[in-house]
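Survey of secondary and tertiary structure
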Amino acid sequence: MDTPLPDDPDRRRFLGRVGLGTLSALLGTVVPFGRGFPDGLLPAAFAAPANGLLGKDPGLVVLNDRPLNAEVPAHLLADAVTPASRMFVRNNGVPPAAVDPATWTLTIGGEAVKAERTFTLAELKRDFAHHTYELVLECGGNGRAEFVPGAKGNQWTTGAVSCARWTGVRLADVLEAVGVTPEAVYVGYYGRDTHLSGDPKKVVISRGIPIAKARQPETLLAFQMNGEDIPLAHGAPLRLVAGGWPASTSGKWIDRLVVRDRVHDGPKMEGQSYRMPCKPVAPGAEVPDAEMCIIESMPVKSLITLPRSGLVHPDPQAPLAVAGHAWAGERAVAALHLSIDFGQTWQAVPVQAPTNRLAWQHFAGEVRFPTAGYYEIWARATDDAGVAQPMVVPGWNPKGYLNNACHRVAVRVGA
Ligand SMILES: Nc1nc2c(c(=O)[nH]1)N[C@H]1C(S)=C(S)[C@@H](COP(=O)(O)O)O[C@H]1N2
Ligand SMILES: [Mo]
């Protein structure tokens, strides 16, 4: 699928040296004539179909190239386990241009450790048991594009979600080895990306998770994704992975963790970032920071990956196969329903058990259409606490988080 980049002046203004640095980092190779690259020009590798050079499917849609952010059309997310080539990219700053696993270290400090300690990556791999889990990472802003009034930020539609197979050591085991005091409340991360301003002292993003989430068996310090070294774009050589929570809690390129005696207060933990109004507000309302609460587990959601929206289904008599994934943050998905009549009636389709807790679950079924014409297939997942996806965009909020409305695909039945 070709999704050409819109060629507007705003987009072109973003480019220049930082664009090239990112390009070089993502390509994993040098740009020999880089100094001659005209300032303000878009590296052609960011445009479909050439972004295959970046190890990405040409169908990924680049939303911003400084920092690089790209999402994945629903039909390209059909794999049971998301391959690197079909994984969305969300950067808040400039990724490190190169990482050296041989010299990489992770320092664990903060108020609530008995003594600060530094591990080499080799020590982490050698001294702690390895575990592998399939974990859903969904950006808190996935679905933002649908809020009215709109919210600033990347206009994600449905494609800022992945479920890869992560391998690493348990954060809990490493914290145990370091020695954590009873005052521990939160674990914050620091990564080695750099601020868009170019100021080396400015931290791009430093979020984290409560100590209970840090101690869950599935919370990993990961060094592999899908059985290979983590790709640079996704946090090589070491990444915190906290499945089921906003993916912003899964720090990339991490070299420092802090065990805090209070809620971590790094950049993008406070103010309005990754927070929802503690109580529902009217669309467009201004919400004081004190009334914004940190997002924890993500809500129940599903994605139809088959058929691709826009399909022409020539034979009205023939059933149409429908498949996709559903996930529910810390919860499991208990049921999945499809509708072809704009939500008037629903049919249940089977949902597989997850490979492990916090993995997405696959559904597959078929629908039959009574006559030729235009239809929409809607999918609605229900979690194991009985909470279902809303059919329309839920709870407006200032930053456009947590849109878990039913996914819809368009189908024309009949030639
Ligand atoms: N160091 C660092 N970690 C980060 C980010 C970042 O900008 N820098 N972005 C976060 C956000 S907002 C998301 S949604 C996920 C995206 O992960 P991905 O690019 O591997 O899909 O990484 C998170 N971890
Ligand atoms: Mo995100």
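Residues numbered from 1 in each chain as written. Chains lettered and ligands numbered in written order. Predicted model: local features only at pLDDT ≥ 70, side-chain atom pairs only at ≥ 80, totals over all residues. Heavy atoms only, no water.

Here's the deal with the sheet that holds strand S8 (residues 186-191)
Taking strand neighbours across the sheet as the criterion, the five strands line up as S5-S4-S13-S8-S9 in an open arrangement whose pairing is mixed. Of all strands in the sheet, those bounded by a partner on one side alone are strand S5 (117-120) and strand S9 (208-210). On average, adjacent strands in this sheet sit at an angle of 15° to one another, irrespective of strand direction. Sheet topology note: the strand S4 (residues 105-109)/S5 ladder contains four bridges and is antiparallel. Within the sheet, the bridge partner assigned to Thr105 lies in S5 and is Thr120. The sheet strands contacting helix H4 (residues 171-178) are S4, S5, S8, S9 and strand S13 (254-260), and the helix crosses S5 at an angle near 130°. (Pairing = 2+ DSSP bridges. Helix = DSSP H or I, 4+ residues; strand = E, 2+ residues; numbered from the N terminus. Axes fitted to C-alpha atoms, helices over the stretch in contact; angles between N-to-C directions. Contact = heavy atoms within 4.5 Å.)

Notes on the packing of aromatic side chains
All chains considered together, the criterion is met by six aromatic pairs. Ring geometry for Phe369 and Tyr375: centres 4.6 Å apart, planes at 50°, overall tilted. This pair shows no difference in class: Phe369 is buried, exactly as Tyr375 is. A cation over a ring is seen here: Lys125 above Phe223, with NZ or CZ 5.1 Å from the ring centre. One residue, Arg192, lies across the ring of Trp104, its end atom 3.9 Å from the ring centre. (Phe/Tyr/Trp six-rings, centres within 6.5 Å; stacked < 30°, edge-to-face > 60°. Buried < 20%, exposed > 50% of the residue type's maximum accessible area, 1.4 Å probe, protein only. Lys NZ or Arg CZ within 6 Å of the ring centre and 35° of its normal.)

Some details on the pattern of salt bridges
Tallying each qualifying case throughout the model produces 17 salt bridges. Notably, a salt bridge pairs Asp255 with Arg192, separated by 2.9 Å at the nearest N-O pair. Of this pair, Asp255 sits in strand S13 while Arg192 sits in the loop between S8 and S9, and the two are 63 residues apart along the sequence. According to the relative accessible area criterion, Asp255 is buried, its value standing at 18%. One salt bridge in this structure joins Arg260 and Asp265, with 2.8 Å as the shortest N-O distance. We classify Asp265 as partly exposed; its relative accessible area is 36%. Salt bridges here are not isolated pairs; linked through shared partners, they connect Glu111, Arg260, Asp261, Arg262 and Asp265. (Salt bridge = Lys/Arg side-chain N within 4 Å of Asp/Glu carboxyl O.)

Things to note about the site of ligand 1
In the vicinity of ligand 1 lie 18 residues, with Phe88, Asn92, Asp193, His234 and Lys252 positioned nearest. Here an oxygen atom of ligand 1 sits 2.9 Å away from a polar atom, N or O, in the main chain of Arg90. Contact between ligand 1 and Arg239: an oxygen atom at 2.7 Å from a side-chain N or O atom of the residue. Protein contacts shield 100% of the accessible area of ligand 1, which totals 530 Å² for the unbound molecule. When atom positions are compared with the pocket grids, ligand 1 is found to occupy the largest cavity. Considering only residue class, the shell around ligand 1 consists of eight nonpolar, six polar and four charged. (Near = heavy atom within 4 Å. Polar contact = N/O pair within 3.5 Å; in protein donor to acceptor, adjacent residues only side chain to side chain. Areas by Shrake-Rupley, 256 points an atom, 1.4 Å probe, with all protein chains shown as cover. 1 Å grid on protein atoms, 1.4 Å probe; cavity = no way out; pocket = protein on both sides within 12 Å on 5 of 7 lines; lining within 4 Å. Sits in = over half its atoms within 2 Å of the grid points. Nonpolar A, V, L, I, M, F, W, Y, C, P; charged D, E, K, R; others polar.)

Details of unusual backbone geometry
Of note, the amide linkage connecting Val148 to Pro149 takes the cis form, showing an omega dihedral of -10°. A positive phi angle, close to 80°, is found at Lys268, a residue other than glycine. In this structure, Lys268 sits in the loop between S13 and strand S14 (275-277). What makes Lys268 partly exposed here is its relative accessible area of 30%. A positive phi is found at Leu402, a non-glycine position, where the angle reads about 60°. With respect to the helices and strands, Leu402 occurs in the loop between strand S22 (373-383) and strand S23 (407-413).

Let's talk about the layout of surface pockets
Of the voids in this model, the largest pocket is the one considered here, and its volume is about 420 Å³. Its residues assigned to classes, the lining of the largest pocket shows eight nonpolar, five polar and five charged. Residue assignment places the lining of the largest pocket across two domains, with domain 1 (9-66 + 298-413) and domain 2 (84-294) each supplying three or more. Taken as a whole, the second largest pocket holds about 280 Å³ of empty space. Around the second largest pocket sit 15 residues that line it, and Glu146, Thr158, Ala405, Cys406 and His407 are the ones nearest its centre. Secondary-structure elements contributing two or more residues to the lining of the second largest pocket are strand S16 (301-306) and S23. It is S16 that contributes the most residues to the lining of the second largest pocket, three residues altogether. For the lining of the second largest pocket, the per-class residue count stands at six nonpolar, six polar and three charged. (Points joined across faces, edges and corners; volume = space filled by probe spheres on them. Domains from an automatic or database assignment.)

Here we look at the state of the cysteines
What the rule picks out here adds up to one disulfide. Here Cys278 pairs with Cys293 through a disulfide, and the sulfurs are 2.0 Å apart. When the S-S torsion is 105°, as for the bridge of Cys278 with Cys293, the disulfide is right-handed. With a gap of 15 residues between them, Cys278 in the loop between S14 and strand S15 (292-294) and Cys293 in strand S15 connect regions that are remote in the sequence. (Disulfide = S-S within 2.5 Å.)

Points about the sheet that holds S22
Across the sheet, five strands lie side by side as S17-S23-S22-S19-S20; this open sheet has mixed pairing. The two strands at the open ends of the sheet, each matched to only one other strand, are strand S17 (311-313) and strand S20 (347-349). Each strand axis lies, on average, 35° off the axis of its neighbour in the sheet, ignoring direction. Note that strand S19 (residues 333-339) and S22 share six bridges and pair antiparallel. Bridge pairing in S22 places Val333 opposite Asp383.

Focus on the pairing of strand S7 (residues 161-170)
In terms of burial, S7 is largely enclosed, as eight of its ten residues are buried. Pairing of strand S6 (residues 130-138) with S7 involves nine bridges; the strand directions are antiparallel. Within the sheet, the bridge partner assigned to His131 lies in S7 and is Gly168. Of the pairings in the sheet, the one linking S7 to strand S10 (residues 220-225) comprises five bridges and is antiparallel in character. When the sheet's bridge partners are listed, Arg170 is paired in S10 with Leu220.

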